[in-house]
Amino acid sequence: MEESIALKPEELWNPASGLSDRVGRLREEYVEIEQRDFHNEVMPFTTGTDWDQVWSPVLWGVVPELIAFNKAFMESLPLAATKVELPDGFWDEPHVVRVAMFFREVVSRYLPVRILDGELIVGGQFNVALSRAHNKSEARAWLKDTMKWLKGIEKLNSHGMGNAGATPGHLIPDYPRALETGLKGLVEYFESLKADAAGRQQEDLLRALIITCEAVRVLAGRYADEAERLASECEDEARREELTEIARACRKVPWEPPETFAEALQALWFIHMLVMVQESYPGPGLSPGRIDQYLYPYYRDDIEAGRLTREQAKELLDCFWIKPNYAYDFLYRVGRNRGITSGYGQLITVGGHGPAGEDVSNDLTWLVLEVIEEMNLLEPKPNVRLHRSTPDELLKRVSEMVAGAQGSPFLLNFDERSEEALRWQGLPEEDLWDYAPVGCLENTLQGNDRSGTVDVNVNLAKAVELTLFDGKDLQTGDRLGPRTGDPRKFETWEEFKTAFETQLKALLDTFIDFYDFSDSIRARFEPTPYLSALVRGCAESGRDVTNAGPEHNYVTVEGVAFATAADSIAAIKKLVYEERLVSMDELVKAIEANYEGYEKMRQTLINKAPKYGNDDDEADAIARYLSRFWTEEVFKRSTPTGRRYRGGYLSWNYWIAYAPTTAATPDGRKRGTFLSNGLCPVDGTDRQGPTAVALSVGKLGLETVPNGDSHTITFNPTLLKGSERVDKLASYLRAYGEKGGTALQINVLDAETLRKAQEKPEDYKNLLVRVTGYNAYFVMLGREIQDEIIARESHEL
Amino acid sequence: MSSEKAPAPDPDSGTVFNIQRFSIEDGPGIRTTVFMKGCPLRCTWCHNPEGLVLKPQLMWFDVRCIGARDCLAACTRDALELTRDGMRIDREACDTCGDCAKACPAGALEVVGRSYTPDEAYEEVYRDEAFYRNSGGGMTVSGGEPTMQPRFVAALLRKCREGGIHTALDTCGYSSPEVLTGLLELADMALLDLKVMDEAEHRRLTGVDPAPVLDSARILAGSGKPVWVRTPIIPGCTDSPENIAALASFLAGLGGVQRWDLLAFNNTCGSKYSRLDMVWELEGVPLKTEDEMVELAGIAERSGVEKVAWSGVTRHE
C-alpha cells in the first residue's frame, strides 16, 4: 500500500467557515465548555423524603465505568437535590401518577429556562435526576432489589462476562404523530380511551400520560414568557423580532400542531428534550428517526409559499443541530475517558426507500447533509439509509462526505440487508420499509418499538475461556459456567464444540436471568409516562413503555468479541483437531501462562489457523456457525414481561473494557490485548482488503441478527483522493449493500495523522473518528482508546 | 499452499506472485489484479521486484522472525543459515520447495510465486464479482509481464469473458506482436506502460530496446480497444519535462489512446528488495511534490489524449 502522510489540520473535516455568524457563535459557545457560565449538568430533584432516590443503577448497567460510582451517586445526588414542593394528595396517588406529577412540578416550576443569545430554537436545560417518587414501602422494595442487582452486575462485569441493564432511550418515539396532532391531540386521544379503560392500571396510566403532556405545554409557556421578557429588554430590533417570534411559537407548540418548519423544529425539540427529562437520562439512543421524511412537508410548504428561503431553513436546522449536543454536559466534571461523553447517539436517519421500494430522498435530505457537513458536531448522530434505488447523485454526495471527513460524518445503513433481518424477526412486512436505527445502528420500527437495543452485552470470548477451564474463570478460579469437563479429554472437534455450546448457552442464560431481573425492577418501579405517551401501544394496552407497553417489544443481546471467539474456535478446530499441530494440553498450559514461554505456539495459532475477515471459506464457515448458533439461541428466549430476545453485534467499548478480564485466547491473543469490535475481524488479521472483509461479514447469514451489526473499515486517505476514487467508494457501497452487513462506518485515516493529533491536540480538536458505531473527537478520547485506534489504523486495508 | 511435486502440471498453469483484490489503480472500477511472475525489463525503480524472475523465490521477513529455527531443520538442501545479520539464503541451493515456510510458526518465510491453473485463478477473481458489476470494474492481468505466460493468461482471459467479467491486459509492451495481438483479442482493454522516449536512456533504465515497446503501442492503439497509457514518474529517470513532452508527442502521433496516467514515484518497496537479497537503487530518493506532478500533467496534456491524470503519494513541502 502507499505510504501515508499525515493530514494537516487544515485538511481535516472542519466546521465550514460558511456558517452564519449566529450559528458559528452558538456552536463555539457549546464547544468551549469551560468558557461557559452555564452548564447543562445533571440537576437532581427530590420529593424530600428520607427514602427518596434520584439515581437508579439498573438504568446504567451497560456503562461499566459507572458501576463503581453507583452507590456514591445514590448517596450524594439526593443530598444535592432540590426539594420539590409536592401538590396536595400526592402520596395518595398510584405510583405512575406520582411520577407524572413530579415530572409536571419540575418542568413547570423548577427546570431552569434560558434562551441563548441569538438562538432560534430554544430549550436548553434538560439533564436531570428526577425522584423516583416512591413511597416508603416501594422504596424499600426497590432498594432491596437494587442492592441485589448491584451485586449481580458487579460479578458479571468484574469477571469480564459482560453487562446488562434496563437502559433508557434506544427507541424512536412517535414524533410524527405528536407533531401532526400536537400534544393537545394526544391528550384528546387519551381522554377518549378513558371511557373504555380496561381497569385501574390503564386508567391510572392514561391520567399520567395526560398530566405529562399538559406539563410540556407549561414549560413551553415558560420559554414564551422568557422570550417576551428578553424581547422587552432587547435593543437590537432584528433580535427583538426573533424573540417575539420565538415567544409566539412557544405559546403554540408543541401543544398545538406546528404549521411551519420553524414551529415543527421547535415542537420537535421540546417534545424530544422532555423525554430526556422524564427518563433522567442524557439521550443515549433516544432517536428522532427519519426526520427528512416527517419534517419535509413543513419545509416544502414554507418554501413553496415563499415564507422561508432554503438558507433560512438551513440556519434553523443548524440551531436545532446544536441542541442535542448539550446532553454531553451531563457528567462533564466526571471525566471524558473511554468515550463516555462521546457515545450518546440521538440518531437521526435520512434517505432510504418508501413502501414500494422507491427512493424517498428529497431536498431536505440534501439540506441535512449540508448541515452535517458544516456543523461537525457529535449530535444528533446521523445515519444515511442506502438501498438499491438510492440515486447516484446522492450516493456520490454521501461518498464525498465520507472521503472528506476522517471518521465518517454518518453511519451507513443498508436497507435490503436490514429489512431481511427485521423480516426474520417477524415484524410486519408492511412496516419494514419505514424502519430506522436507534443509538448507533440498531434497527427498530418507528414510534411503537422498544427493542432494548444495548441492554444485554455478552462477551462471547468468555465462553471460549470457560470451555477451556471447565466453567471456571482462569484469573479468579470462580465458577462462572457449568462443568463441561477437562478439554484435554475431548478427543474430537465435536466434543469440544458440544462443550463450547453448553458454555455459551449457560452464559446466555446467566444474562437472561439477570436481565429479566433488571427489566422487572424497571417495570415495577421506574415508569416513564411521558415517554409512554409518545409510543404507540402503551395507552392502548394500559402498560407503560417500561412494562412491555409498546406494540413491539424486544430485548437485544449484543454479542461482544465475535471475531476473537470465532478465530479462537477456528484455531482449535484446525490446529488441535485437524492438523494436530498443537495439543490441547499444550494450548491450555500456554493460555494459563498467557503465552509466556509459548511464543512459538502463539505464532502458530496466529499464522497457521484460518482467520475470519479474509473471504476465506474455511474461517468464514466457522464464524457463520458461531453467529447462527448464538443468535438462534438468543431468539428462543423471552422475558417474563413478554419481550423476546434478539441478536445484535455492537460492542460499544466493551472490547476494551473486558480485555484484561478475558484470559488469553486460542487465536493467539494475550490477556489485555483488546478483543474484536462489533463484527470486525480481529485487528490486523484481515489482509485481503475491503471487498473480502465485506464478503466475510455477509457470509455470516445476518438475517438472524435483526438488531444489525457494527462493522467499521478504514481507508487510507490517499486511496480516496479525487473524484474517480470517490466513485469507486460509491460503487463499493452499492456492492456492500448487496453482499455485506447491515451497517457500515468508514474511517478515512492513517496512523500518522492520529499520532500528530496526540502530539498536538490543540490543532486537531475537530478530528472526528469512528469508534464503534459512534464517532468521537479523537483528542477527547482516553489515551488507551486513542492508542487502540492508532493500532487499528496502522493496519491498512 | 505450495504445490510440492504436483503430479502432472497443467500445461495452462501460470506462475502468479499475487492476486490483489480491491485494486483501484489498474483500470476502471474496482478490480482484482493478477500479477504474473517474470518480466523482460529491469527497470531500476521496479516496484515489484518479486515479479522480475519467472521462477518462485524465497523471501525472508526479518520483522516476523522469532528465531524458532524450525526452518533450518526443515530444509533438506542446507540452503538456510540464520546469522547475526539475519537469514542467509543460498539461492543456488534453494529449490523453493516451501518446507521451511511451512515449518515457520511466524510466517517469516514465504515462497513468492506459485503455480495456478486458470480455474484456480478465476475462482479467486470471481469472488469480487459483485464489486466489479457495481463499479464497472473487473480483472486486470499484470505482472511482471503477462505476455511472458501467454497460455495461462489466454485461458484466464477466456474464462473471464465466459463469466462476464471485464478484463484489462496490463503490459510493458516488450512482447512479440503475435502474442500481444492474441491476448489483446481476448481482453476488453489494455493498459500500457510507457516510460522513456530516449532510446539510450530506455536501454539504460529498463535494460531493453524501446522499439518493440513502441511497436506494441501502435498495435494496441490501432486495435480499437480502449487503451490507457501509464507512466511512472521516477525522480531522475522519467520525470524530466523533456521526457514527458517526448512521450506526449509520440502519443499525439499515435492517436487511439483513451487515457494517460502519470503515477508518482512511490518509495515503499525497499524492504521487498532486501527480502530478495537485492539492492534498490532508489533508496532514500524523495517523493515528487504535488506542484511537480501538476506541471508534468500539464505537459502531458499536449498529447491530445482525451484524459490525462496523475495520482500517487506526494511530498508535502
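These numbers come from a predicted model, not from an experiment. (Residues numbered from 1 in each chain as written. Chains lettered and ligands numbered in written order. Predicted model: local features only at pLDDT ≥ 70, side-chain atom pairs only at ≥ 80, totals over all residues. Heavy atoms only, no water.)

1. Thoughts on the overall build of chain B
Broken down by element type, chain B carries 11 helices and 13 strands. Over its C-alpha atoms chain B spans a radius of gyration of 20 Å, differing by no more than 12% from the 20 Å that the globule rule assigns to 317 residues. Residue burial in chain B is summarised as follows: out of 317 residues, 54% are buried. Sequence separation of 24 or more characterises 71% of the internal contacts of chain B that already satisfy a separation of 6 or more. For chain B, the computed accessible surface area is about 13,600 Å², with 49% contributed by carbon and sulfur atoms. Seen as two clouds, the 33 positive and the 47 negative side-chain charges of chain B have centres 3 Å apart. (Helix = DSSP H or I, 4+ residues; strand = E, 2+ residues; numbered from the N terminus. Rg over C-alpha atoms; globule rule 2.2 N^0.38 Å. Buried < 20%, exposed > 50% of the residue type's maximum accessible area, 1.4 Å probe, protein only. Contact = heavy atoms within 4.5 Å. Areas by Shrake-Rupley, 256 points an atom, 1.4 Å probe, with all protein chains shown as cover. Lys, Arg positive; Asp, Glu negative; His and termini not counted. Charge placed at Lys NZ, Arg CZ, Asp CG, Glu CD.)

2. Regarding the sheet that holds strand S14 (residues 712-715) of chain A
Residues and elements named next belong to chain A. Spatially, S5-S6-S7-S15-S14 is the arrangement adopted by the 5 strands of the open sheet, whose pairing is mixed. Whereas interior strands pair on both sides, the edge strands pair on one side only; in this sheet they are strand S5 (347-351) and S14. Pairs of neighbouring strands in the sheet enclose a mean axial angle of 30°, with direction left out of account. For strand S6 (residues 381-386) and strand S7 (residues 411-414), the ladder comprises 4 bridges, and the chain directions are parallel. Looking at the pairing, Val 384 lines up with Leu 412 of S7. Strands S5 and S6 of the sheet are contacted by helix H13 (residues 363-375), whose axis makes an angle of about 130° with S5. (Pairing = 2+ DSSP bridges. Axes fitted to C-alpha atoms, helices over the stretch in contact; angles between N-to-C directions.)

3. A look at the sheet that holds strand S13 (residues 307-311) of chain B
All names here are of chain B. Judged by pairing direction, the sheet is mixed, and its 9 strands sit side by side in the order S7-S1-S2-S8-S9-S10-S11-S12-S13 without closing on themselves. Where the open sheet ends on each side, the last strands, each with one partner, are strand S7 (114-116) and S13. Taking each pair of neighbouring strands and ignoring which way they run, the sheet shows an average axis angle of 30°. Here helix H11 (residues 290-301) sits on the sheet and contacts strand S11 (227-233), strand S12 (259-264) and S13; the angle it forms with S13, its principal contact strand, is near 165°.

4. Observations regarding the domain arrangement of chain B
Residues and elements named next belong to chain B. Along its sequence, chain B is carved into domain 1 (14-54 + 114-311) and domain 2 (61-112). For domain 1 versus domain 2, the separation of C-alpha centres amounts to 32 Å. Listed per partner, the contact involves 7 residues of domain 1 and 4 residues of domain 2. Across the domain 1 to domain 2 interface the summed buried area is about 530 Å²; carbon plus sulfur atoms make up 56%. When the area that domain 1 buries against domain 2 is broken down by residue, the three leading residues are Arg 275, Leu 276 and Asp 277, summing to 67%. For the pair domain 1 and domain 2, the interface holds 1 salt bridge. As a salt-bridge pair, Arg 91 and Asp 277 come within 2.9 Å of each other at their nearest N and O atoms. Counting across the interface, domain 1 meets domain 2 through 2 residue pairs in polar contact (both at pLDDT 80 or more). For the side of domain 1 that touches domain 2, the class distribution of residues is 2 nonpolar, no polar and 5 charged. (Domains from an automatic or database assignment. Buried area = accessible area lost by both parts, 1.4 Å probe. Salt bridge = Lys/Arg side-chain N within 4 Å of Asp/Glu carboxyl O. Polar contact = N/O pair within 3.5 Å; in protein donor to acceptor, adjacent residues only side chain to side chain. Nonpolar A, V, L, I, M, F, W, Y, C, P; charged D, E, K, R; others polar.)

5. Quick look at the pattern of salt bridges
Taken as a whole and judged by the stated rule, the model has 90 salt bridges over all chains. One salt bridge in this structure joins A:Arg248 and A:Glu245, with 2.6 Å as the shortest N-O distance. With A:Arg248 and A:Glu245 both in helix H8 (residues 237-252) and 3 residues apart, the pair spans about one turn of that helix. In this structure A:Arg248 comes out as partly exposed when scored by relative accessible area, which is 39%. Measuring nitrogen to oxygen at the nearest pair gives 3.7 Å for the salt bridge that ties B:Lys195 to B:Asp193. B:Asp193 carries the same exposure label as B:Lys195, and that label is buried. Salt bridges here are not isolated pairs; linked through shared partners, they connect A:Asp615, A:Asp617, A:Asp620, A:Lys699, B:Arg21, B:Glu124, B:Arg127 and B:Asp128.

6. Section: the nonpolar core
Within the largest apolar cluster, 267 residues are counted, with the highest numbers of intra-cluster contacts made by A:Phe261, A:Leu295 and A:Tyr732. Among the elements that make up this core, the one with the highest residue count is helix H7 (residues 200-233) of chain A (15 residues). Aside from chain neighbours lying at most four places away, what touches A:Leu295 is A:Leu179, A:Phe261, A:Ala264, A:Leu265, A:Leu268 and A:Leu364. Core analysis: the next-biggest nonpolar cluster, separate from the first, contains 52 residues, B:Tyr116, B:Ala154, B:Val229 and B:Met293 among them. (Core = buried A, V, L, I, M, F, W, Y, C linked by side-chain atoms within 4.5 Å.)

7. A short note on the side chain of A:Asp415
For A:Asp415, the location among the structural elements is in helix H15 (residues 415-425). Note on A:Asp415: relative accessible area 0%, which makes it buried.

8. Topic: the environment of B:Ala211
Residue and element names in this part refer to chain B. As for its position among the elements, Ala 211 is in helix H8 (residues 211-222). Given a relative accessible area of 38%, Ala 211 falls into the partly exposed group. Separated by 37 residues in sequence, Ala 211 and Tyr 174 place their C-alpha atoms 8.6 Å apart.

9. Digging into the pairing of S11(B)
Residues and elements named next belong to chain B. Among the 7 residues of S11, 7 are classified as buried, and the element is accordingly described as predominantly covered. Covered by surrounding structure in S11 are Val 227, Val 229, Thr 231 and Ile 233 together with Trp 228, Arg 230 and Pro 232, the residues of both alternating faces. Sheet topology note: the strand S10 (residues 189-193)/S11 ladder contains 4 bridges and is parallel. The residue of S11 that forms the bridge with Leu 192 is Val 229. Sheet topology note: the S11/S12 ladder contains 6 bridges and is parallel. Its bridge partner lying in S12, Pro 232 is registered against Leu 263. The β-α-β motif built from S11, the intervening helix H9 (residues 241-254) and the parallel element S12 has right-handed crossover chirality. (Right-handed = clockwise from strand over helix to strand, strands pointing away.)

10. As for the packing of H9(B) against H11(B)
Residues and elements named next belong to chain B. Between H9 and H11, the least distance of the axes is 8 Å, while the angle of their chain directions is 30°. Considered as vectors, H9 and H11 are oriented roughly parallel to each other. Between H9 and H11 the crossing geometry is right-handed. Of H11, the residues touching H9 (which contributes Pro 241, Ile 244, Ala 245 and Ala 248) are Glu 295, Leu 296, Ile 299 and Ala 300. Each residue belonging to the contact of H9 with H11 can be placed in one class, and the counts come to 7 nonpolar, no polar and 1 charged. (Parallel < 35°, antiparallel > 145°, perpendicular 65-115°, else oblique. Left-handed = near helix turned anticlockwise from the far one by under 90°.)

11. Thoughts on the interface of chain A and chain B
If you look at the interface, chain A gives 36 residues, while chain B gives 36 residues. Where chain A abuts chain B, roughly 2,900 Å² becomes buried across the two surfaces, and 54% of that area is made up of carbon and sulfur atoms. Across the chain A-chain B interface, the total number found is 8 salt bridges. Across the pair A:Glu724 and B:Lys307 runs a salt bridge, and its minimum N-O distance is 2.8 Å. Our count for the contact surface shared by chain A and chain B stands at 18 residue pairs in polar contact (both at pLDDT 80 or more). When contributions to the side of chain A that touches chain B are tallied by element, the ones reaching two or more residues are helix H22 (599-608), helix H25 (689-698) and helix H26 (723-739) of chain A.

12. A closer look at the side chain of B:Asn243
Residue and element names in this part refer to chain B. For Asn 243, the position within the fold is in helix H9. A polar contact of 2.9 Å, which involves the side chain of Asn 243, links it to the backbone oxygen of Lys 195. Residue contacts for Asn 243: discarding those within four places in its chain leaves Lys 195, Val 196, Met 197 and Thr 238.

13. Observations regarding unusual backbone geometry
Residue A:Val253 is joined to A:Pro254 through a cis peptide bond whose omega torsion reads 0°. With respect to the helices and strands, the residue A:Pro254 is situated in the loop between H8 and helix H9 (261-279). For the bond from B:Gly143 to B:Gly144, the omega torsion is 10°, close enough to zero to count as cis. With respect to the helices and strands, the residue B:Gly144 is situated in the loop between strand S8 (138-143) and helix H5 (150-162). Phi is positive for A:His170, which is not a glycine, with a value near 55°. Looking at where A:His170 falls in the secondary structure, it is placed in the loop between strand S4 (162-164) and helix H6 (175-194). Phi at A:Trp652 is positive, roughly 35°, even though this residue is not glycine. By relative accessible area, which is 13% here, A:Trp652 ends up buried.

14. Brief notes about the confidence of the model for chain B
Mean pLDDT for chain B: 94, with 97% of residues reaching 70 or above. Confidence estimates for the predicted assembly give a pTM of 0.94 and an ipTM of 0.94. (pLDDT = per-residue confidence, 0-100.)

15. Structural notes on helix H16 (residues 460-468) of chain A
All names here are of chain A. Counting buried positions over the 9 residues of H16 gives 9, a clear majority of the element. Turning to H16, its buried residues number three or more, namely Leu 460, Ala 461, Lys 462, Ala 463, Val 464, Glu 465, Leu 466, Thr 467 and Leu 468. If you follow the buried residues of H16, they end up packed against strand S11 (456-459), helix H17 (493-525), strand S12 (552-560), helix H20 (562-578), helix H21 (584-592) and helix H23 (617-635). Phi turns positive one or two residues past the end of H16, at Asp 470, with a value near 55°.

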